[in-house]
Amino acid sequence: MKQIIQLLKLALQERKRMALSFLCTFFVAGFTYVFVNLVQPIIDEMFVRSPVSGVPDKMRFMDFVFQTLGISKEKIVVAIPLIVVAVILGKGLFTFLSSYLMKSVGHRVVKRMRDDLYVHILYQSPAYFDRVPTGDLMSRLTNDVDKIQQSLSGSLGDFIEELFTLLALLVGIFIIDWHLALVSFVVTPLAAVPLAAFSRILKRKGLKNQREMARIYNLLHETISGHKVVKAFTMEKFELGKFMEATRRYFQTSLKLAWVSSLSSPFMEFLGGVVGAFILYVGSRRIGEGVISPGDFGAFVMAVFMMYMPIKRLSKANNSIQQAVACHERIREVQQAVPEIQEAPDAYPLPRVRGAVKFDSVSFAYNESRPALQEVSFEAPACTTAAFVGLSGGGKTTIISLLTRFYEPSSGRITIDGIDIREVTLESLRAQIGLVTQDIILFNDTVRNNIAYGLKDISSEDVIRAARAARAHDFIMELPEGYETQIGERGGLLSSGQRQRLAIARALLKDPPILILDEATSALDSESERLIQEALARIKKNRTTLIIAHRLSTIRGADRIFVIDHGRLCEAGTHEELCRLNGIYMRLYDLQFPEEGERVR
Ligand SMILES: Nc1ncnc2c1ncn2[C@@H]1O[C@H](COP(=O)(O)OP(=O)(O)OP(=O)(O)O)[C@@H](O)[C@H]1O
Ligand SMILES: [Mg+2]
């Protein structure tokens, strides 16, 4: 019951429609009530008291028909079939209305839920996405939400409708003969015990089933987006095996679910049958005692048989609602996830900065086991270029992720122009940073829209200017539709170097006071890189640039170079100073430029 109330609460967002729908189901129940009560006059007036009863003579029957037309008593007989038609028509109309209204409630609630879920996912911090697999989230947004929609649109409406009908029928039979009704219902509570057991099992299995579905989504997502690697390593059979294992598990839990849900209806029906047989026995004795007429008993039996359907549908609706409740729990898990990075309650927008970046003994760990950064302190004055070098896995990208506040340092302070970045709003902070990430992310859209991503009212000239500075204009013009060319999922129709140049153009167009290039030119030939460097040098004058590069020629001209190793800042200085220091930097340099290294020494 608690869970049905939870679902009802969801549906209550659409109060008006719900109320209307309930009103309609109320009418449906009312018509059912009338219908059952018609049975008594049909039997008693039309059959039992009719002169034709027990006389199988054809002529007499015609007499009866003539008489019917003449005598007022027989007018009821004419009226009854008309009333039957009217009642069935009325019941049908209100069934249609209540069903449509309930479906629309389901669709509306679910649209809102999907949007809300998406907002929650969008605003999660990166750590959340490190933890929760993409396929899992997708499955919650599609599959689980669908189940709730089905349940709200169909089952919840059924549930209410059948409950009303059941109530109407109950009232009906108690009015006909409360004694007989009471006797019949001694057996009924028996039904509650198995129904509760079925619900419990269904919910548990439903949850498991959705988890297995999420696993399938994950596999699909990984192998489809990573199809090249799968092929290159001829892992098709391996992946197929994994997939078949996942579908097998889903299949098994589905079968168990099917087993329980298929069993519940016939089982409840059987219980109904037992009750029916019992009533037949007691009822026939009541007629013998002369307490009720055959018509009354007919109506009673009709009502009891009509309860059959609602009970059956109630147990079916209960199945679907239990599954929906399980899905709702999975959705609430997402809705209740709080982003790790929170703005301070009194956060204010960061005014346009000059771009002096300072790390003050910053430490950070992705997980408790191993620190990613230890006591890192450095300063990049406004409008200068700072470069970070070091072996792979040293912590360079991590430094950038802390500056953009994707993650929070465990200790230490990061300031821009002397303002602690924890004091300002996330939006205003990130608005002042242009980031070219190490793995380029482009969207399945046109070249133009990818460059202008996140910016409003951008003229074509601006886009072209940024593209020229990023040395992307020429290759864009060679694309089939120039700036309007669709570049495919994740920019898959472009080469890696082309993707990098689009990403650089995107960062340049944003015109931020702080520009971050994380291995932004690693896929480019030396000539293109040199040209981009020149373009950058031109616009570097009034912005702080943070460059990460393995290719030391990229960073040689930087105002300050920081060497990061195993999460620590080991060396700092200009290229010349670091060469003189003859430490890690010099070793790296030697490896890349053996002859020059000799000369510098
Ligand atoms: N999302 C993450 N979750 C957990 N650990 C991470 C995550 N990202 C990076 N790490 C770990 O943090 C350390 C530093 O990673 P980081 O990406 O900063 O290195 P990097 O210097 O940028 O390396 P590269 O030159 O290869 O890009 C590595 O040991 C890495 O395993
Ligand atoms: Mg990196």
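In this convention, every chain numbers its residues from 1, walking through the sequence in written order. The naming scheme follows written order: chains are lettered A onward, ligands numbered 1 onward. Totals for whole chains, interfaces and linings use every residue, but because this is a predicted model, local features are given only for residues with pLDDT of at least 70 and side-chain atom pairs only at 80 or more, for both listing and counting. Working from all heavy atoms in the structure, the side-chain values ignore hydrogens and water.

Two strands form a pair only when DSSP identifies at least two bridges running between them. Think of it this way: any DSSP run of H or I at least four residues long counts as a helix, any run of E at least two long counts as a strand, and we number them from the N terminus. Within the open sheet, the four strands sit side by side as S2-S1-S4-S5. Their pairing is antiparallel. Single-partner strands in this sheet number two, and they are strand S2 (373–380) and strand S5 (419–420). Two elements, strand S1 (residues 357–364) and strand S4 (residues 411–416), share five bridges in a ladder whose sense is antiparallel. Opposite Val357, over in S4, you have Ile416 as the bridge partner. Sitting on the sheet, helix H11 (residues 396–403) is in contact with S1, S2 and S4, with an inclination near 110° to S1. Here a residue-residue contact requires only that any non-hydrogen atoms of the pair lie within 4.5 Å. Convention adopted: a line fitted to C-alpha atoms gives each axis, helices being fitted over their contacting stretch, and angles between N-to-C directions are expressed from 0 to 180 degrees.

Donor atoms are limited to N, O and S found within 2.8 Å of the metal ion, a distance that becomes 3.2 Å for Na, K and Ca. With water left out, some sites might look partial. For the magnesium ion (ligand 2), the full set of protein donor atoms is Thr397 (OG1) and Gln438 (OE1), at a range of 1.8 to 2.2 Å. Here Thr397 is found in helix H11, whereas its partner Gln438 is found in the loop between strand S6 (433–436) and helix H13 (447–451), with 41 residues between them in sequence. Taking the relative accessible area as the measure of exposure, Gln438 reaches 39% and is therefore partly exposed. Only protein chains enter the accessibility calculation, which uses a 1.4 Å probe; a residue whose area is less than 20% of its type maximum is buried, one above 50% is exposed, and one in between is partly exposed.

Note on terminology: near, applied to a residue and a molecule or strand, indicates that one of the residue's heavy atoms is within 4 Å of it. Taken together, 13 residues lie around ligand 1, and Ser392, Gly393, Thr397, Thr398 and Gln438 are the ones closest in. A 3.5 Å cut-off defines polar contacts: any pair of N or O atoms within that distance qualifies, except that in protein one atom must be a possible hydrogen donor and the other a possible acceptor, and neighbouring residues in sequence count only when both atoms are side-chain atoms. Taking Arg370, its side chain carries an N or O atom lying 3.1 Å from an oxygen atom of ligand 1. Lys396 places a polar main-chain atom, nitrogen or oxygen, 2.8 Å from an oxygen atom of ligand 1. All accessibility values rest on the Shrake-Rupley procedure with a 1.4 Å probe; residue burial counts only the protein chains present in the view. Look at ligand 1: alone it shows 630 Å² of surface, and the protein chains cover 70% of it. Grouping the constituent residues of the shell around ligand 1 by class yields two nonpolar, eight polar and three charged. All residues other than Ala, Val, Leu, Ile, Met, Phe, Trp, Tyr, Cys, Pro, Asp, Glu, Lys and Arg, Gly among them, are scored as polar; the first ten of these are nonpolar and the last four charged.

Grid points spaced at 1 Å and placed over the protein atoms alone form the basis of the search, with a cavity being a set where a 1.4 Å probe fits but cannot get out and a pocket an open set showing protein on both sides within 12 Å along at least five of seven lines. Lining residues have an atom within 4 Å of a point. Grid points are joined across faces, edges and corners, and a volume is the space filled by probe spheres set on the points. By the definition in use, this model includes one cavity of 30 Å³ or more. What the largest cavity holds in volume is close to 40 Å³. Every residue along the wall of the largest cavity is listed here: Leu517, Ala520, Thr521, Gln533, Ile547, Ile548 and Thr554. Residues belonging to the lining of the largest cavity are distributed by class as follows: four nonpolar, three polar and no charged.

We now examine the domain arrangement of the chain. Assigned domains of the chain: these are domain 1 (2–336), domain 2 (346–432 + 514–601) and domain 3 (442–511). Counting from both sides, the interface comprises 17 residues of domain 2 and, opposite them, 12 residues of domain 3. Note on definitions: buried area is the accessible-area loss of two parts on being combined, 1.4 Å probe, summed for both. Counting the surface lost from both domain 2 and domain 3, the interface buries some 1100 Å², and carbon and sulfur atoms represent 62% of this. We define a salt bridge as a side-chain nitrogen of Lys or Arg found within 4 Å of a carboxyl oxygen belonging to Asp or Glu. For the pair domain 2 and domain 3, the number of links is one salt bridge. Of the charged contacts, one joins Asp511 and Arg543 as a salt bridge, the two residues approaching to 2.9 Å between their closest N and O atoms. Our enumeration of links across domain 2 and domain 3 arrives at six residue pairs in polar contact (both at pLDDT 80 or more). Elements with a contribution of two residues or more to the side of domain 2 that touches domain 3: helix H12 (426–431) and helix H17 (526–540). Here the limits of each domain have been adopted from an automatic or database domain assignment.

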